[in-house]
Amino acid sequence: MKDKEIEKLMRRERERQAKAVNLIASENIVSADVLAALGSELTNKYAEGYPGKRYYGGNEIIDEVESLCQKRALDLFKLKPTAWAVNVQPLSGSPANLAVYSALVPIGGKILGMSLASGGHLTHGQKVSFTGKAWKGISYGLDKKTERINYDDLLTQAMIDKPHIIVAGFTAYPRKIDFKKFRNIADLSGAILLVDMSHFAGLVAGGAYPSPFPYADVVTTTVHKTLRGPRAAIIFSKRDERGFSEKIDKAVFPGLQGGPHMNAIAGVAVALGEANTPAFKAYAKQVIKNAQTLAAELKKRGWRIISGGTDSHLILVDVWENGSGISGKEASERLEKEGIIVNKNAIPFDTRSPFDPSGIRLGTAAETTKGAKEKDMVKLAGRIDGCLRK
Ligand code: DSN
């Protein structure tokens, strides 16, 4: 590179990533092919519009890239193009969710999503997000005893609030979601069912986590978490008389975005192709085995694991435990000094502030990409325990 300053920073970050133990649950490590697509000349092209309907010339090859990406997205989740539409242009997860609401929920309409403290995402209608300003965000929580979704309570809440849309999905909930129950609650309360599978999309692709597609009306996902692709997002919508897919396409472009990032879309296509392989299926299963081993080993060492364990790539640890431990911030800082990267995280019914909450969130997607197995998780649990008990 001619730009030595940026080259040096890139090298330092590459070295940091190679050295650190990465337990950030929303990160992963992309392949050399994904990096090649991101760094390609596709970044030079303006392609406002959709395949076959662009505003600028010169998009013949770009059309093929986007169409191939759409095909791979449908193939990966075994969806028929007659039944499901797919939009691969959202720049990332937050714009994807925003596009869905702006297409399907009237301004001021109600979004019912999991509360932030229970593991929901800002774009599921939280006040600090635009999704909680333009629409009325209502939150559901977890059962205090089980720290899992209580579907009876959720039904009661939905019947009282009558939301326009219900969001199933999370950033910090370690368990499986019962999508069939969500479907039933959406039907009874007259809501659209959106599943935000950003965290677990790779696990669904690998057959290691339940698929939302038999039940959802719309599914959004980022590509860069368990799916192991570049930073981008996809929106799937059921094709039916409600015309969701047409509305969503219009909301993405021209509603919210201009030219799609075609280099990223090529990277998404590469990642989707990689995820549609037996090797990725084995990867997805290993991610969960690793998370379950890490959770069990930490539990053995006396740490309280939220909900008692995990069904996914994600673990929430209560490091504060009613004041007998340390705060989440201190825990993440101590671990970082030891080269173990995690994030501080609120736990359900947290009594501490979100800036210094009671928990830490751990995820096994990135370390599993590096080849970690259960025996590595046992060692890692020992390192984490030693560091937190210092
Ligand atoms: N920042 C992502 C996460 O860590 O879960 C969600 O947007």
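Here the structure is a predicted model, which means the values were calculated and not measured. (Residues numbered from 1 in each chain as written. Predicted model: local features only at pLDDT ≥ 70, side-chain atom pairs only at ≥ 80, totals over all residues. Heavy atoms only, no water.)

All right, on to the overall build of the protein chain then. Each helix and strand in the protein chain was counted, giving 13 helices and 15 strands. For 390 residues, the compact-globule estimate of 2.2 N^0.38 gives 21 Å, and the C-alpha radius of gyration of the protein chain, at 21 Å, lies within 12% of that figure. Viewed in the frame of its principal axes, the protein chain has a C-alpha envelope of about 60 × 60 × 35 Å. In the protein chain, which comprises 390 residues, the share counted as buried stands at 56%. By sequence separation, contacts in the protein chain at least 24 residues apart represent 72% of the contacts at least 6 residues apart. Once the 56 positive and 42 negative side-chain charges of the protein chain are each reduced to a mean point, those two points are 3 Å apart. (Helix = DSSP H or I, 4+ residues; strand = E, 2+ residues; numbered from the N terminus. Rg over C-alpha atoms; globule rule 2.2 N^0.38 Å. Buried < 20%, exposed > 50% of the residue type's maximum accessible area, 1.4 Å probe, protein only. Contact = heavy atoms within 4.5 Å. Lys, Arg positive; Asp, Glu negative; His and termini not counted. Charge placed at Lys NZ, Arg CZ, Asp CG, Glu CD.)

That bond from Phe-253 to Pro-254 is cis: its omega, 10°, falls within 30 degrees of zero. For Pro-254, the position within the fold is in helix α8 (residues 244-256). A positive phi angle is found at Lys-78, which is not glycine, with a value near 55°. Within the fold, Lys-78 resides in the loop between α3 (60-76) and β4 (84-87).

So, on to the pattern of salt bridges. The full count for this structure, using the stated rule, is 23 salt bridges. Taking the shortest distance from any N to any O, the salt bridge between Lys-329 and Glu-333 comes out at 3.5 Å. A residue pair is termed a helical-turn pair when its members lie 3 or 4 positions apart in one helix, as Lys-329 and Glu-333 do in helix α11 (residues 328-337) at four residues. The class for Lys-329 is partly exposed, based on a relative accessible area of 35%. With relative accessibility at 41%, the residue Glu-333 sits in the partly exposed group. Glu-338 is paired through a salt bridge with Lys-390; the nearest N and O atoms lie 2.8 Å apart. On the criterion of sequence distance, the pair formed by Glu-338 in the loop between α11 and β13 (340-341) and Lys-390 in the segment after α13 (374-388) is long-range, its members being 52 residues apart. For Glu-338, a relative accessible area of 36% puts it in the partly exposed group. (Salt bridge = Lys/Arg side-chain N within 4 Å of Asp/Glu carboxyl O.)

Below, the discussion takes up the packing of aromatic side chains. All chains considered together, the criterion is met by 15 aromatic pairs. A centroid spacing of 5.2 Å and a plane angle of 85° characterise the contact between Trp-84 and Phe-213, whose relative ring orientation is edge-to-face. Here Trp-84 is found in strand β4, whereas its partner Phe-213 is found in the loop between α7 (201-205) and β9 (218-222), with 129 residues between them in sequence. Comparing Trp-84 with Phe-213, the two get one shared label, buried. Ring geometry for Phe-130 versus Trp-135: centroids 6.3 Å apart, planes at 80°, classification edge-to-face. You can call Phe-130 exposed: its relative accessible area is 52%. Connected via pairs of aromatic rings, a cluster forms that spans Phe-170, Tyr-173, Phe-179, Phe-200 and Tyr-209. In this structure, Lys-144 is placed above the aromatic ring of Phe-349, and the distance from its NZ or CZ to the ring centre is 5.0 Å. (Phe/Tyr/Trp six-rings, centres within 6.5 Å; stacked < 30°, edge-to-face > 60°. Lys NZ or Arg CZ within 6 Å of the ring centre and 35° of its normal.)

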